[in-house]
Amino acid sequence: QKEMRQLLVDAGLSVTNSQVLQVRERGMFDHIGIKLTVAGDLDSLDKALVGLGEYLPLVLVESLDVWPRKQSRRSKGTADQTLTATLQLLSLRSVQ
């Protein structure tokens, strides 16, 4: 969980919530999940997804929900559009 949070922060996102999900046993593997809520801009989300794709051991994006954050009327047109995203990540561990 700590490494995933750091990867997202290094990409320019702020992690507003994280939760380790219950381990699910599936055949010869345990599915280890983490759910994270992040905020930032689209470029930062793109960098984070590239980083997740290159991360070892393999981490899969099980689900991704993205929605725009509301901007205040004062900042309208002066700042990049920001977003909030919820990612559910999955890693596999061999059952022995």
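Residues numbered from 1 in each chain as written. Predicted model: local features only at pLDDT ≥ 70, side-chain atom pairs only at ≥ 80, totals over all residues. Heavy atoms only, no water.

## Thoughts on the environment of Leu21
Part 1 of the reasoning: Secondary-structure assignment places Leu21 in the loop between strand 1 (14-20) and strand 2 (24-26).
Part 2 of the reasoning: For the pair Leu21 and Lys2, spaced 19 residues apart in sequence, the C-alpha separation works out to 14 Å.
Part 3 of the reasoning: Leu21 has contacts with Gly33, Ile34, Lys35 and Gln88, leaving out every residue within four places of it along the chain. (Helix = DSSP H or I, 4+ residues; strand = E, 2+ residues; numbered from the N terminus. Contact = heavy atoms within 4.5 Å.)

## With respect to the confidence of the model for the protein
Part 1 of the reasoning: Averaged over every residue, the pLDDT of the protein is 90; the share at 70 or more is 92%.
Part 2 of the reasoning: When pLDDT is averaged over each element of the protein, helix 2 (residues 42-54) comes out on top at 97 and strand 2 at the bottom at 87. (pLDDT = per-residue confidence, 0-100.)

## Side note on helix 1 (residues 2-10)
One full turn of an α-helix is made of 3.6 residues, so residues set three or four places apart face in the same direction.
Part 1 of the reasoning: Listing the buried residues of helix 1 in full gives Met4, Leu7 and Leu8. Considered in projection along helix 1, the buried side chains sweep an arc of 95 degrees and stay on one side of the axis. Away from its buried face, by an angle of more than 90 degrees, helix 1 presents the exposed residues Lys2, Glu3 and Asp10.
Part 2 of the reasoning: Buried residues belonging to helix 1 abut strand 1, strand 3 (29-41), helix 2 and strand 5 (82-94).
Part 3 of the reasoning: Just downstream of helix 1 lies Gly12, where phi reads positive at about 105 degrees. (Buried < 20%, exposed > 50% of the residue type's maximum accessible area, 1.4 Å probe, protein only. Arc of directions from axis to C-beta.)

## A word on the pattern of salt bridges
Part 1 of the reasoning: For the structure shown, the criterion picks out 2 salt bridges.
Part 2 of the reasoning: For the salt bridge of Arg93 with Asp30, the shortest nitrogen-to-oxygen distance reads 2.9 Å. Pair noted here: Arg93 is in strand 5 and Asp30 is in strand 3, with a separation of 63 residues, a long-range link.
Part 3 of the reasoning: Judged by its relative accessible area of 42%, Arg93 is partly exposed. (Salt bridge = Lys/Arg side-chain N within 4 Å of Asp/Glu carboxyl O.)

## Examining the environment of Val38
Part 1 of the reasoning: Relative to the helices and strands, Val38 is located in strand 3.
Part 2 of the reasoning: Sequence separation between Val38 and Glu3 is 35 residues, and the spatial gap between their C-alpha atoms is 15 Å.
Part 3 of the reasoning: Apart from residues no more than four positions distant in its own chain, Val38 is found in contact with Leu8, Leu13, Ser14, Val15, Thr16, Leu83, Thr84, Ala85 and Leu87.

## Regarding the pairing of strand 3
Side-chain direction in a regular strand flips from residue to residue, so the side chains alternate between the two faces of the sheet.
Part 1 of the reasoning: With 6 bridges connecting them, strand 1 and strand 3 associate as antiparallel partners. Within strand 3, the position partnered with Val20 by the bridge is Ile34.
Part 2 of the reasoning: Summarising the sheet, strand 2 and strand 3 pair through 3 bridges and their orientation is antiparallel. Each residue of the ladder has a partner; that of Glu25, found in strand 3, is Asp30.
Part 3 of the reasoning: Between strand 2 and strand 3, which pair antiparallel and follow one another directly, the connecting turn spans 2 residues, one of which, Gly27, has a positive phi of 60 degrees.
Part 4 of the reasoning: Of the pairings in the sheet, the one linking strand 3 to strand 5 comprises 13 bridges and is antiparallel in character. The partner of Ala39 across the bridge, within strand 5, is Thr84. (Pairing = 2+ DSSP bridges.)

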